[in-house]
Amino acid sequence: MSAIYFASGDSNAKVEYQTISSTITQLSQEQSERLHDRISKAQLEKLHECFKAMPNQVVGISDLRRILEDMEITFSDFTYTRLFLKINQNRDFMVDWNEFVSYLIFGFQEEDPSSQKEALILPISTAPTVRKTEHRSAVCCLALLKVKSDQTPLEDITETTNYSFGGEDSPENSGMWVTASHEGQLRFWSAHMEPLRSAVSESIHLKVPTWILALQALSDVSIVCTSSTERELRFHETIASTFTLRMVIRSLPYAVYCMSYAFYNNGKTHSKLILGDYAGNVRILSYSPYLRGPFQAKPGAALVELVWADVLRGRIPLLVPREYINLHNELISCVYYSLHMNTLFASAEYRNTKKYRGRCPGLIMVSNDDRNNFRIPLGVTVFYVSEIKNILVTGGPDTFVRIWDVYISSEPSAILTGHNGGIVAVFVQPEENKVYSVDYHKIIKVWDLEEHTLLQTYGDLVRIIHHSETDIKYYYHSHLRELMVAGRKLISIKCCPRVRVDLTDGNTHAAPVSVVLYNRLFRNIVTCGLDSYIIVWDPWSGRRKIIMKNCHTKMIYGETIDIEITAACFDPLEQFLLTGARDGSLKIWNYNNAVVVRNMSIMPDQEVTAVIWVVDRILAMGWDRQVTEFNDVEGREYGDPKKWSKFHTDDITCADVKLGEGVVTATYSGEIIFWKLETGQPYRRYNVMDPKRFIELKLSRDEEKQSRRSKRMSSFAMVSRLSRLTSMIAKPDEIKDYGANIPVSVQAVLFLQKRPMTKDHGSVFISLDTGYIQVYSHHQHGGILSQFYAVHKLGDCVLTMATDRKNRFLYTGTAFGYVKVWHIVNYCIPEAEKTHVCMPRLRLEFIFLRKELFLPRAKRILRNQPEPMLVSSYKGHLKAINSIGFINLPKIIFTGSHDYSCRLWTQGGRYLGTLGTVLPWSKLTPFERAGEDNRGYRLPPDIKKVASSTTLKVISGIQYSSTLKHAKTTEEREDDRDVEDTTTNDLKTMFDKPLKEPILGKHFALPGRSAIEQRIELDTTQLYIPVYTHLRVYPSEMMENLPTPPIISQVKAENYLNHYMPVEGKVDPNTSAINIREPQPLARSRAGAAGSTQQVKPRKTGKAKLGSKSSKSEF
């Protein structure tokens, strides 16, 4: 085991590099390196005194351990080495007091639950849904026929979750929207804005057109209530697609301006309809929803019509009225009744500041006989009450959003400023701790409920709605988490929608994941994405520890633009993170506190595709076609970078390093160059299209001209490179036609660290976009040793590769989202070094190797390729896998994909989870192998819908056994007949009469069994099995039409008018009103028929003739 020595004040300072990894053989018990859980206040003060007593107030690695042991804080050698490397952020192996305290603070920050709540995307991140209202005029009222009430009794309140199983989106649970325009037209819409039907609400007495003022849905009794300028309340029944006027209350003292409705789902509490009118009065109609209360249909009373005075007198016993006269001096702008608090809330606007001098009761809360005034200048336009949080949010003409405690009306707990117009709508998402507010200018702002900070400003409504439309209606659907906006158009905006766990497990990033890394020092996974985020995850608990946003940015025309992160790696001791971006910038991060330590850059606007960090040096390469070396020695890190010789003629796509030996770089045109790590000089050059040809290490004249031309055309090349990347990832189904003039690009390279530098050992794996992986030796006299096909679908290719610590397995991720594991122990090594492979042991671990009835496609494509052995193959993502990694001790594979997710798998292929999922996480440990238990493993929901039989078998870990039925021999048939005879005798005793032969009838005969045994041999030479070519198809014959019976022909020719006898005189309905006489025998002669006709003819009168004609016409 190699060791690295560092000069420090401690003469015994020695840190073994290999000990920082988690690849040790086995630890019986995990020992935590956390100090903040074990140090008390007295011990911390004593530690501070010890630091002050040291020279320069710094301690070395052994001094700090001695100080901690004096305080009875002990660690094992392995654990203490990890602890010291975590504390020593300056990388000088001397710890000062600031570093020590910072490490303690980081420990508390990791346990902060607020880091888990920070969202990756904005609350309103999806495009709104827009459609026309189909009204003649703008929508003036908007209501929702709910399935579930927004108010819930305290005993029924359950913990809310941020995910759903899709039931909320079903028509049975979503409800139905109702829109109304002033002329009385109502339209019903589904929850997803599909038109259902239309109706009209009008006065039954007045002939003048109505004018609708308010609309309210009484959901528990299926009633829609409208108020109009005629001072009427009309209650329409909406059961089973009907719209029937059930009740009308006329002659209210004032017209109703706003309405609200409160009910419980259990039906045990009286529902309440709250009415606010133009004179500042509030009236409440209360009734029991049992059997639909006063709206129950009764025979003989289709419509109940009465005046308001009759309601007060109790004419309808089931309807209990209550009035609050002169509650406000202005019209009521908004009302609400809380059943849980048994409290009425009513607000009004007071725009006349001279009259009220700013001391107006903007909102009044009435509980029994007690009144509380929330005094707000200019009054309150809208408000929202959250019983779960016990808060009240108000908004009015003064542009301020105020948050109140419901029981404290003296002053608000917070005032949110930022709007430039009066507030017209507010609502709260208590489960997300967010407040939404909309102003007069159609600007939506999202606020954090706890920190009272602005999260988002959404202004797309200004673009969608015409500026002349000012009277816009808003309604928040709490179950679907959608804000409905109604005017001339219907607009649906999703506000923090729940994750559909029946469709996905959630996302790790807000954009494709570009790089995933495992830090062996801190035992966490770091993911970098094209959204310019860096997120640190704890894979053992599934928690998100740290999130860093806007890591790489660029200022364009005064606007800050996020730059995609395309490459990343750790330093040799894995204390810092190096990231490279698409604009050529590089940053070194102390990612435990999200601090940038250093900024660097290669050529501007040239993407960084690979970064390598070795001792004292940083190597970066990308679209600038050369390797840039940065110094990492303290004191010389800010010098000019060193440019290695430029031998590449195209963009560098990937690179890798073998510590102490060399570096390999590959390009888009298929060039491979091996470099000496110490000197930076190239020593071998290959081309993947002709790997055995020797290529001299110098630029030819054509290559020099091409290099000069590429500099002039760099601006045009940027567009073409971006199109290459998009076509390769976004459109994997397009198959590239490789010809003589089209180069084969290299997608990934991998150095096997355990393979020696000899010409007989394959130590470098090169992945091509043709689907092949070439194996090279990085020896000076080496070259290509072998190649193998690494995919099973045409057009697919390997984009990323990884291996375990001992180079026993190769893990690959493809552009079609497949994860494959290859056994490479005996691949491309001398025969003398090959070892025996225990296949039963591999079959126990990899269910993919177990025999099946039919060869799956992944095995069938490799049946002529013995090495390397494919031990597992399954579809892990719907889109391309951009990065893959492996954790050695627990045997966990983690993949980052273009579908925004990073997923964890066992080495055998079981699905462990997606980082960032909203579902509960299965507990893992870094010291025990994952997947050892025999519990059932589930499939990712998105993969479950498209998975093949092989993927289902590998991920679930279950193989269903099935046997192929062969033709039986003569002896087996005789044995079966004996068994059948025995069974027949038993049936005869069980039933009265057995079935008689022939069972299938006399018109069907079973085909005779052929004497020659017929076997079906499937054609397996292609990628798929054309089963239809083996089906036996018999020629079709025309069906013979049966003859028509004579009686059918006679009946068809009959005329029923011959049997009709006209009526003379009056007909008694009690006797017989059918005048059809009995038909004569069919064998009668024509003469007899004519004679009978002549006998009837003289008895016909004029009326009879008219009747005959009319009857004939009726027939």
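An account of the accompanying structure is given in this report. Quick caveat: nothing in here was measured; it's all calculated off a predicted structure.

Burial runs high along helix α15 (residues 949-956): 6 of the 8 residues are buried. Turning to α15, its buried residues number three or more, namely Thr950, Thr951, Lys953, Val954, Ile955 and Ser956. The secondary structure elements touched by the buried residues of α15 are β61 (869-875), β64 (902-906), β65 (911-914) and α14 (941-944). After α15 finishes, the residue Gly957 shows a positive phi value of roughly 75°.

This next bit is on the pattern of salt bridges. Where charged atoms from two side chains of opposite charge come close, those side chains can pair. One pass over the full model with this rule turns up 39 salt bridges. A salt bridge links Asp398 to Arg402, with the shortest nitrogen-to-oxygen separation between them at 2.6 Å. Here Asp398 falls in the buried class, since its relative accessible area comes to 13%. Here Arg402 falls in the buried class, since its relative accessible area comes to 10%. Among the salt bridges present, the one from Asp651 reaches Arg625, with a minimum N-O distance of 3.5 Å. Of this pair, Asp651 sits in the loop between β49 (642-643) and β50 (652-658) while Arg625 sits in the loop between β47 (617-622) and β48 (627-631), and the two are 26 residues apart along the sequence. Connected through shared salt-bridge partners, Glu431, Glu432, Lys434 and Arg481 make up one network.

Looking now at the side chain of His877. Structurally, the position occupied by His877 is in the loop between β61 and β62 (881-887). When its relative accessible area of 0% is taken as the criterion, His877 is described as buried. Within polar-contact distance, the side chain of His877 engages the side chain of Asp899 at 3.2 Å. At 3.3 Å, the side chain of His877 forms a polar contact with the side chain of Ser901. In this view, His877 contacts Phe816, Gly817, Thr895, Ser897, Asp899, Ser901, Arg903 and Ile943; residues no more than four positions away in its chain are not counted.

So, how was this worked out
- Residues numbered from 1 in each chain as written.
- Predicted model: local features only at pLDDT ≥ 70, side-chain atom pairs only at ≥ 80, totals over all residues.
- Heavy atoms only, no water.
- Buried < 20%, exposed > 50% of the residue type's maximum accessible area, 1.4 Å probe, protein only.
- Helix = DSSP H or I, 4+ residues; strand = E, 2+ residues; numbered from the N terminus.
- Contact = heavy atoms within 4.5 Å.
- Salt bridge = Lys/Arg side-chain N within 4 Å of Asp/Glu carboxyl O.
- Polar contact = N/O pair within 3.5 Å; in protein donor to acceptor, adjacent residues only side chain to side chain.

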